[in-house]
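Working through the structure, step by step
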Amino acid sequence: MSAPSFPPLFSGLAVEGAIDPFDKACVEAVRGCDAGLVVYNLGSNALRAAIVFAPEVALQDAMTMLPLCGVGFQNALGALAPPEVAVHLEWDGGLRINGASCGRLQVAASDEDATREPAWLVVGLTLPLWPTSDAPGETPDQTALYAEGCADVQADALLESWVKHTLVGINTWLDQGAVPLHKEWRGLAHGIGEDITMCGHSGTFLGVDERFGMLVRDSETTHLIPLTKLLEAT
C-alpha cells in the first residue's frame, strides 16, 4: 500500500501498531506542528486518522469542524462506495453505515473556553474495516465497512478522499458561512425527531442551532447542548 497523497498545505504522518493517531495528533499540535497535519494508522482491521486544524475563530465556531468532517466523510465514502451504501451522522460524532453504527469522529482542542480562539483543534476518525466478531448477528447495531458492500474501497484511497472533501467543505464554509453545511448535515443527520439521552438531558432531538448545538426538548423546556460538550481531554 502506497503512502496516501494529500492536497497542498496538508502533510501526512504514518503511525503503526497501538499508536492512536488522535492522541499522536494532539501531541504534535501541542508541540506546535503546522495545521494540516494528517496522522494516520492504516491497520488491517481499522482506518484511524486525525487532522490538526489551527482555527482563527472562537472555539464555539471552530467546533464546526466536527460536523464538517462528518459531511466530508460521507462525501468521501459516497464517491468510492456503491450508490446503495447509505451514510448518516450522529450529532456526537458517531458514524452510521446502512443504519448500523460504524466508527466515530472525536474532537479535542487546546482550550475549553468557548469564547477564545484555540491554538489548535484536532478531529479524529475511527472506522472499523472488518467485523470484530465472527457472528455479526449478535450485534446487529454494529457493523464494519467491508461488511456493507464496500470491500473494494481501499483504506488509503478513503483517507485521501476524506481529507480532500473536508478541504472542499472548509473552503465553502469560509466563503459562504455555515448555511450550506447546515443544509447538507441536516440531510445526513441521524435521530432528529427521536427520543434520546445526551449529556445528561433526555427528550426529543429537535435539531441544531446555528453553531450545531443540539436542541433537546423535554416535558418542560428545550435544552441547548453546545458542541464543546464533546471535547475530549488531552
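See above for the structure.
This write-up is about the structure you can find in this document. (Residues numbered from 1 in each chain as written. Predicted model: local features only at pLDDT ≥ 70, side-chain atom pairs only at ≥ 80, totals over all residues. Heavy atoms only, no water.)

A word on empty space enclosed by the protein
All told, the structure shown has 1 cavity of 30 Å³ or more when counted by the stated rule. Looking at the largest cavity, its volume works out to about 80 Å³. Broken down by element, the lining of the largest cavity gets its largest block of residues, 3 residues, from helix α3 (residues 65-80). Here the residues of the lining of the largest cavity are counted per class, giving 9 nonpolar, 2 polar and 1 charged. (1 Å grid on protein atoms, 1.4 Å probe; cavity = no way out; pocket = protein on both sides within 12 Å on 5 of 7 lines; lining within 4 Å. Points joined across faces, edges and corners; volume = space filled by probe spheres on them. Helix = DSSP H or I, 4+ residues; strand = E, 2+ residues; numbered from the N terminus. Nonpolar A, V, L, I, M, F, W, Y, C, P; charged D, E, K, R; others polar.)

Here's the deal with helix α1 (residues 21-31)
Within α1, burial applies to Pro21, Phe22, Ala25, Cys26, Glu28 and Ala29. Buried residues of α1 fall within an arc of 165° about the axis and therefore sit on the same side. Summarising the geometry of α1, the exposed residues directed more than 90 degrees from the buried face are Val30 and Arg31. Close packing links the buried residues of α1 with β1 (11-14), β2 (37-42), β3 (46-53), β6 (100-109) and β7 (121-128). (Buried < 20%, exposed > 50% of the residue type's maximum accessible area, 1.4 Å probe, protein only. Arc of directions from axis to C-beta. Contact = heavy atoms within 4.5 Å.)

Some details on the sheet that holds strand β4 (residues 87-89)
Spatially, β1-β2-β3-β7-β6-β5-β4 is the arrangement adopted by the 7 strands of the open sheet, whose pairing is mixed. Looking at which strands have only one partner, the edges of the open sheet turn out to be β1 and β4. With direction set aside, neighbouring strand axes in the sheet form an average angle of 20°. The sheet strands contacting α3 are β3, β4, β5 (94-97), β6 and β7, and the helix crosses β7 at an angle near 35°. (Pairing = 2+ DSSP bridges. Axes fitted to C-alpha atoms, helices over the stretch in contact; angles between N-to-C directions.)

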